[in-house]
Amino acid sequence: MILIQLLLMQADPSPMKTTWYCPLDLSTVVEEEEDGVIYTVVVKQQHVSPNSSMSTVSRSQCVKAGTEEKLVLHLLHSFAMGDSSFVSIFLSTYRSFTSNERVLDILTDRLENPPGENERSQTRQSFNKAVCTVFSTWLSEYPEDFESLGEPSRLLRLGPLLPQDSSSAADLRARLLRTAEELSEKALLPDTNKDQSSFTSAPPDPSKFEPTNILGFSASLIAEQLTKIETELFVRLVPYHCLGSLWSQRDKKGREGVCWSVRATVRQFNKLANAVLASCLWPTKLRCQQRARLLEKWISVAEECRARKNFSSLYAVVSALQSNPIHRLRRTWQETDREALRRYEELSEIFSEKDNYSHSRELLKEEGTSKFANLDNRLNNKHSNRSNAQGTVPYLGIFLTDLTMLDTAVKDRLDNGYINFDKRRREFEVLAQIRLLQSSCKNCVFTADESFLQWYYSVPTLTEEQSYRLSNEIEAPCDPSPRGLAPTVIITQCPGLSNSRTSLAADNDSLFYFHSPVNNFFSKLTKHMRSPSVSCLDVDTSPSTNESTPTTLTPSSPTKSHRRSASCGNNPPSNIQGSGPDMRIIRIRMALQDGNLYRSILVTSNDKTPTVISSALEKHSQDPKQASRYELIQLLPEGKELVIPATGNVFYAMTSSSVDFLLRKKDGNTQLGLQPISTETSATFPRIKAKGRRLVRTLF
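No experiment lies behind these values; they were computed from the predicted model shown.

A. Quick look at unusual backbone geometry. Of note in this structure, Asp35 is not a glycine but carries a positive phi near 55 degrees. Examined against the element boundaries, Asp35 turns out to sit in the loop between strand E2 (28–34) and strand E3 (37–47). Even without glycine at this site, Lys309 takes up a positive phi of about 60 degrees. In this fold, Lys309 is placed in the loop between helix H12 (288–307) and helix H13 (311–322). A relative accessible area of 0% means that Lys309 is categorised as buried.

And the structure:
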């Protein structure tokens, strides 16, 4: 170690990659702070040859954290320092901690005061090249950042400052000038902007809705049309809209248009689930055998969606079939073909919540960029006549879960106030997976079938109450079976996470040089979950119904009975005592002037009430020093409340029947913060699960 330190002192001190010769076998990771930036530095040693005692020592570094200004300016220095991924990560995630106007202003100020000839070992030529690369990448991949500026003054100021000595710079100036001209024309025209969140579908026409007409379309045609709709939506998805820090703001007043591309995907998911419900429940006079044909049709559609790697539509159909209004139709399920039921259970297993959707994740990993689905021989023969490769449309809720958990578990800033850029690297890992899947869908070609689309867009929207009423008209309620406890996420016996929780929160973990940092992080966070689900992260606050409907019904006929899928189970979670503190993610709501918002908080068995209240206030952008003015209320089923003692241990004081809490000022107002959230922006995804209608808890 002493020899290495001496060699480091004698080596070239520039931040670029440097090589030393050393007889030792040593590799170290250290942190260095320089001018408002903290770097993670990796020194690696490799032998020159197997028979030689000499070895090469290489030094590389990347940004761990920094001030807003220094992170922006690092865009221009990252290439020379060997941090080649910095530009992509920054442009994908910067909206979590700054704005496009602020980034543009900092870069423009820098161009007005360019570096000296030898500053940071960059020549003026390499600096100019970096400028062109950054702005060309930004303008090509995120043109909306420039189009949303509102007025062209920033672009007009920037244009003359760009390099003058290359064709790429001239092309860049021309593109910026065109964008500035478009902004100028846009400012002179009346506001004709369409809400981009409304592009997904035409308004339904209930008068033209014939539920049983779905039987007239082949399952392959239906799946093809659904895949067409889903693929078009997925290609238009803006990956950074999925960031937890942005998606969690969607219910704020004045931010109705944010994350429009995710909202469009949510609406399509719910529309398809509603179409399954309406077609199966609307014709209440059908005999059980006739209604069973409808179930078999949708099971076949789900199978065809699986063959097309359309996991979003597949999950929407399966979730609708698992919903209480359909799930409880015991006599109808008894008349359903046994082979269809077997296939239905196999499809349901894809989205089993075991180990944080591990089966679904594995399929995405295996088939994400492959040409065709990895099906068994029977299905491969059935679909062997397909000539075009299929893109992969994932269930977006999995990525939203990861990004929301990541946003909750890791602090945005270090204790010294620096922006935690390591968190952005982890987020980028998830966004990169989305973009990779999008690339597989961009060349897919589909032909629209107007007959099916006319039927699909004529399906009326059923409320939960309407669906349940129709279900009861078809089959009267039976004797109720006991409801299970609400599904929750409980993290237990996780010393790896609990021991690193401080380092995660304070951002002292600098070892991010493994192949999949996000997957490693979430493997620690989720492998000890009981009933892991997106359902713990957001909730539909619409009033619960009091109908006593069993959440699981088993057909009595031994010849046509079938086991419900694992994802329908309601096993209450249990705690496992381990060496580290137990943990649980709860959701805290607070009434603010700009709307009711939920925030997810990680609570350990060591956290007292004031600590949790302070964290919740900070999450809601309120002053955590005002914690003494609030009380923490657990929202229980049937409208009951549990007041957590002011100095109590929240983990042990709370009950396991709910993960929803309310932060309320100590003014005696028992209604504060209890207004329901709009079902449009917190729509269910999936909205209906067999775990119970009043327990619908999802990211949407």
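Still to come is the rest of the account.
B. A look at the side chain of His74. Looking at the element boundaries, His74 is found in the loop between helix H2 (68–73) and helix H3 (86–93). If we skip the residues at most four places from it in the chain, His74 touches Tyr39, Val63, Met81, Asp83 and Phe86.

C. Structural view of the pairing of strand E12 (residues 660–665). Summarising burial for E12: 5 of the 6 residues are buried, a large majority. Judged from the 5 bridges that link them, strand E10 (residues 630–635) and E12 form a sheet pairing that is antiparallel. Looking at the pairing, Leu632 lines up with Leu663 of E12.

D. Focus on the nonpolar core. By size, the foremost hydrophobic cluster in this structure holds 122 residues, and its most contacted members are Phe90, Phe135, Trp138, Trp298 and Leu321. Here this core takes 13 residues from helix H11 (residues 260–281), the largest share from any one element. Apart from residues lying up to four places away in sequence, Trp298 is in contact with Ile214, Ile222, Leu272, Ala275, Val276, Ser279, Cys280, Val317, Leu321 and Trp455. Listed in part, the 18 residues of the second largest apolar core include Val603, Tyr630, Phe651 and Phe661.

E. Region of interest: the confidence of the model for the protein chain. Scored by pLDDT, the protein chain comes out at a mean of 74, with 67% of its residues at no less than 70. Throughout residues 1–24 the model reports pLDDT below 50, and contacts reaching past four residues in sequence, or to other chains, amount to 46 contacts. Note on residues 377–381: pLDDT under 50 across the span, and 6 contacts to partners over four residues away in sequence or across chains.

F. Summary view of a negative patch on the surface. Residues Glu147, Glu181, Glu182 and Glu185 make up a contiguous surface patch of negative charge. Take the negative patch: its biggest share by element is 3 residues, from helix H8 (residues 167–188). Secondary-structure assignment places Glu147 in helix H6 (residues 144–147). For Glu147, a relative accessible area of 40% puts it in the partly exposed group.

G. View of the side chain of Arg308. Relative to the assigned elements, Arg308 resides in the loop between H12 and H13. The exposure class of Arg308 is buried, given its relative accessible area of 8%. Within the structure, Arg308 has its side chain in polar contact with the side chain of Glu304 (distance 2.7 Å).

H. Quick look at the pattern of salt bridges. Counting across every chain of the model gives 30 salt bridges. Residue Glu68 is joined to Arg102 by a salt bridge in which the shortest nitrogen-to-oxygen separation is 2.8 Å. Placement of Glu68 in helix H2 and of Arg102 in helix H4 (residues 100–112) is noted, with a sequence separation of 34 residues between them. Arg102 gets classed as partly exposed once you look at its relative accessible area, which sits at 38%. Arg342 is paired through a salt bridge with Glu346; the nearest N and O atoms lie 2.2 Å apart. Highlighted residues: Arg342 and Glu346, both in helix H16 (residues 338–350), separated by 4 residues, approximately one helical turn.

I. Summary view of the packing of H4 against helix H5 (residues 124–141). It is the contact of H4 with H5, at a shortest axis distance of 12 Å, that shows an interaxial angle of 160 degrees. Here H4 lies roughly antiparallel to H5, going by the angle between them. Considering only the axes of H4 and H5, their crossing is left-handed. Counting all contacts with H4, which are made through Asn100, Val103, Leu104, Leu107, Arg110 and Leu111, the residues of H5 involved are Phe127, Val131, Phe135 and Trp138.

J. H16, seen in detail. The end-to-end C-alpha distance of H16 is 19 Å, a good match for the 18 Å that 13 residues give at a rise of 1.5 Å each. Ala340, Leu341, Arg343, Tyr344, Glu345, Leu347, Ser348 and Ile350 are the residues of H16 that are buried. The N-capping residue of H16, defined by a side-chain oxygen 3.1 Å from the backbone nitrogen of Glu339, is Asp337.

K. How the structure looks around the packing of aromatic side chains. Tallying each qualifying case throughout the model produces 21 aromatic pairs. Taken together, a centroid distance of 4.2 Å and an interplanar angle of 10 degrees make the contact between Tyr315 and Phe351 stacked. One end of the pair, Tyr315, is in helix H13; the other, Phe351, is in the loop between H16 and helix H17 (358–367), with 36 residues separating them in the sequence. Both rings, one in Trp333 and one in Tyr344, keep their centres 5.4 Å apart while their planes meet at 25 degrees; by these two values the pair is stacked. Here Tyr344 lies in helix H16 and Trp333 lies in helix H15 (residues 330–334), a separation of 11 residues in the sequence. The pair formed by Trp333 and Tyr344 is uniform in burial state, with each residue classed as buried. Grouping aromatic residues by their ring pairs yields a cluster made of Phe86, Phe90, Tyr94, Phe97, Phe135, Trp138, Phe146 and Phe421. Lying over the aromatic face of Tyr468, Arg328 brings its terminal NZ or CZ to 5.9 Å of the ring centre.

How each quantity is defined
- Residues numbered from 1 in each chain as written.
- Predicted model: local features only at pLDDT ≥ 70, side-chain atom pairs only at ≥ 80, totals over all residues.
- Heavy atoms only, no water.
- Helix = DSSP H or I, 4+ residues; strand = E, 2+ residues; numbered from the N terminus.
- Buried < 20%, exposed > 50% of the residue type's maximum accessible area, 1.4 Å probe, protein only.
- Contact = heavy atoms within 4.5 Å.
- Pairing = 2+ DSSP bridges.
- Core = buried A, V, L, I, M, F, W, Y, C linked by side-chain atoms within 4.5 Å.
- pLDDT = per-residue confidence, 0-100.
- Patch = residues over 30% accessible without salt bridge, like charges linked within 9 Å, V, L, I, M, F, W, Y side chains within 5 Å.
- Areas by Shrake-Rupley, 256 points an atom, 1.4 Å probe, with all protein chains shown as cover.
- Salt bridge = Lys/Arg side-chain N within 4 Å of Asp/Glu carboxyl O.
- Lys, Arg positive; Asp, Glu negative; His and termini not counted.
- Charge placed at Lys NZ, Arg CZ, Asp CG, Glu CD.
- Polar contact = N/O pair within 3.5 Å; in protein donor to acceptor, adjacent residues only side chain to side chain.
- Axes fitted to C-alpha atoms, helices over the stretch in contact; angles between N-to-C directions.
- Parallel < 35°, antiparallel > 145°, perpendicular 65-115°, else oblique.
- Left-handed = near helix turned anticlockwise from the far one by under 90°.
- Expected span 1.5 Å × (residues − 1).
- Phe/Tyr/Trp six-rings, centres within 6.5 Å; stacked < 30°, edge-to-face > 60°.
- Lys NZ or Arg CZ within 6 Å of the ring centre and 35° of its normal.

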